[in-house]
Structure formats: structure tokens, C-alpha cells
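# Structural overview
Listed below, chain by chain, are the residues.
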Amino acid sequence: MDVLRPKILNIDGRMYRLNTDDCCPNEYVEPEIDKAEKQMYNSKISERLPAYFERDDIEEEESDDLNIYMEDDRCVLKLEAPNIFYGLIIGRNRENLKNLEYQTRTRIKIPGMRENNVITIKGEQRANVIAAKSKIDAIIKRGRLKQSMTHFVSLPMVNPMVVDNYLAFKKMVLDECGQCRGITELLFQDQFKLHLTITCFVLCNAAEIKRAIKLMEQCENTIIKYRIKIICLT
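Residues numbered from 1 in each chain as written. Predicted model: local features only at pLDDT ≥ 70, side-chain atom pairs only at ≥ 80, totals over all residues. Heavy atoms only, no water.

The protein chain goes by K Homology domain-containing protein in an unreviewed UniProt entry, where it is assigned to Aphis glycines.

Okay, here's the thing in C-alpha cells:
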């Protein structure tokens, strides 16, 4: 059956589309259209529709970096995750975990609160394990957005010119608006603690803090020092 040109059923002068060939086979009316027009119509539809590509939940380049190994004819992946998100992954009456295992055809072991923060994913196929990891990552990401910020990256503003201008601004505000309600010296940061916040993080355990420190050290060697060198050369 051509889904773009379905068969038509005439009932009391009203026209109905037939979505299956076995429905009232003797009562349909074929739409009047010649082969040339039909071919031209289908070609126009094909030009407008983009090509369909099957893709997994995770890019192939990223999946190659995963440390998936074989154990008893099953693919196994160890996934580190902060234990504060275990409740979101498990869900009430373990419903989230059951649905996750059913959808990805895997077995997922969530460690206890006093155990190491490593989730074990087992599946018969590598793609199933990767899909389970992607769904767990999505759950953790949504949960992390609801957490309060724990750390931030900042640049200290210790330049004497910046400090002097800040103190002058502080004095001007207190002199001109000091009589206004709520305007006190407590509103102003200590001049020795002035900084520019670059970004904030939600780091939930020691492993994430250690990973963040390592990334910052890499940034210092690959970005900060490199940019300083360029500025000096120019």
C-alpha cells in the first residue's frame, strides 16, 4: 500500500482512507492519478525529506573511550557516580532502576551508601551497556542542576589600580548614600578578597574534586601559560 496515496472507501458519499489492504477489499475506489504524475509527486517528496541515519545514544568516538570489558560472556562497565544521586537512579520502589534495566536490557548494580561510588552495568551487548550509561548520565545531570554550587573558579583582582578605584567607589557611595536605608559598609567586600568569578561547579565527592583540580592544572599548562606567552610576544 502506498501510504502517500492510500486507497479510498466510499460510504454514503463520504470518502475514507484505508490504512490496510484487508479492510473492505471490494469497496474501495482507487484515486485517479496517472503514473507520470505519481512518479513526479513521489520524487518531490523524496527531495524534501532528509536522509534517515540510525544513531546510538552516544557518539562512537565517545564510546571508544569507555573501559568496557568482558566477564562471563557479558560486557561490563564500571561507572563512578556520587552516591547522592543513587536515589534518583533507583526511584521509588526501585521503579526507575527496573525501567532502566528493562529499556536497555542490562543489569545495573547500585552500591550501598558505605561502599565505593562505583555503579556496575552488565549487558549482553556493548550498545546496551553504553545506552544504560547514557541514561544514568542524564539522570545525574538533571539531579546535579538541582544541587547548590559547591566550588567556583575565580581570578583575584589584586591589581593596585583596581583596589584603589574600588576603595574610592566605596567611599563615594557611603558618603553620598550612607543615610539611605540598608546602605552600610557591610555591603562591600573586603578589598583583599576582590575577585572575578569565572564559573561555578557542583562537586559532590572527593573524586570529582580531584578530577577538577587535575583539569585546572591542565588548563594552566595548556591555556593560561600559552596565552601569557602570546601576550608577551605581541
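Now, onward.
## Remarks on the packing of aromatic side chains
Counted by the stated rule, this structure contains 1 aromatic pair. Considering the side-chain rings of Phe169 and Phe188, the 6.4 Å spacing of their centres and the 70° angle between planes classify their relative orientation as edge-to-face. Taken together, the positions of Phe169 in helix α6 (residues 160-177) and Phe188 in the loop between α6 and β9 (195-201) put the pair 19 residues apart, joining distant regions of the chain. Residue classification places Phe169 among the partly exposed positions, given a relative accessible area of 45%. For Phe188, a relative accessible area of 16% gives the class buried. (Phe/Tyr/Trp six-rings, centres within 6.5 Å; stacked < 30°, edge-to-face > 60°. Helix = DSSP H or I, 4+ residues; strand = E, 2+ residues; numbered from the N terminus. Buried < 20%, exposed > 50% of the residue type's maximum accessible area, 1.4 Å probe, protein only.)

## So, the environment of Lys109
One can find Lys109 in strand β6 (residues 106-109). Sequence separation of Lys109 and Thr120 is 11 residues, and the distance between their C-alpha atoms is 5.1 Å. Discounting chain neighbours no more than four positions away, the residues touching Lys109 are Val118, Ile119 and Thr120. (Contact = heavy atoms within 4.5 Å.)

## Notes on the pattern of salt bridges
Within the structure shown, the criterion is met by 7 salt bridges. When the shortest N-O distance is used, the salt bridge between Lys133 and Asp137 registers 2.5 Å. A residue pair is termed a helical-turn pair when its members lie 3 or 4 positions apart in one helix, as Lys133 and Asp137 do in helix α5 (residues 126-145) at 4 residues. (Salt bridge = Lys/Arg side-chain N within 4 Å of Asp/Glu carboxyl O.)

## Topic: the side chain of Thr106
Considering the arrangement of structural elements, one finds Thr106 in strand β6. For Thr106, a relative accessible area of 4% puts it in the buried group. Looking at Thr106, its side chain comes within polar contact range of the side chain of Thr104, at 2.7 Å. Those residues within four positions of Thr106 in sequence are excluded, and the remaining contacts are Leu100, Glu101, Ile121, Lys122, Gly123, Asn128, Val129 and Ala132. (Polar contact = N/O pair within 3.5 Å; in protein donor to acceptor, adjacent residues only side chain to side chain.)

## Describing α5
Helix length check: α5, at 20 residues, gives a terminal C-alpha distance of 29 Å against a target of 28 Å (1.5 Å per residue), a fit within 8%. Within the span of α5, buried status applies to Asn128, Val129, Ile130, Ala131, Ala132, Lys133, Ser134, Ile136, Ile139, Ile140 and Gly143. (Expected span 1.5 Å × (residues − 1).)

## Remarks on the pairing of strand β4 (residues 68-71)
Bridge count for β4 against strand β5 (residues 74-80) is 4 bridges, and the pairing is antiparallel. Across the sheet, the residue bridging to Glu71 is Arg74, located in β5. Joining the antiparallel neighbours β4 and β5 is a turn of 2 residues, in which Asp72 adopts a positive phi near 55°. (Pairing = 2+ DSSP bridges.)

## Some details on the nonpolar core
Judged by nonpolar contacts, the single largest core of 22 residues is most densely connected at Ile68, Ile89, Ile108, Ile110, Ile119, Ile121 and Ile136. For this core, the elements supplying multiple residues, two or more each, are β5, α3 (86-90), α4 (95-104), β7 (118-123) and α5. At 6 residues, α5 tops the list of elements feeding residues into this core. For Ile68, the contacting residues outside a window of four places in its chain are Cys75, Val76, Leu77, Arg126, Val129 and Ile130. (Core = buried A, V, L, I, M, F, W, Y, C linked by side-chain atoms within 4.5 Å.)

## Things to note about the sheet that holds β6
The strand order across the open sheet formed by 4 strands is β4-β5-β7-β6, and the pairing between neighbours is antiparallel. Either end of the sheet is taken by a strand with one partner, and the two such strands are β4 and β6. Taken over all neighbouring pairs, the strand axes of this sheet differ in orientation by 25° on average, direction set aside. Pairing of β5 with β7 involves 6 bridges; the strand directions are antiparallel. (Axes fitted to C-alpha atoms, helices over the stretch in contact; angles between N-to-C directions.)

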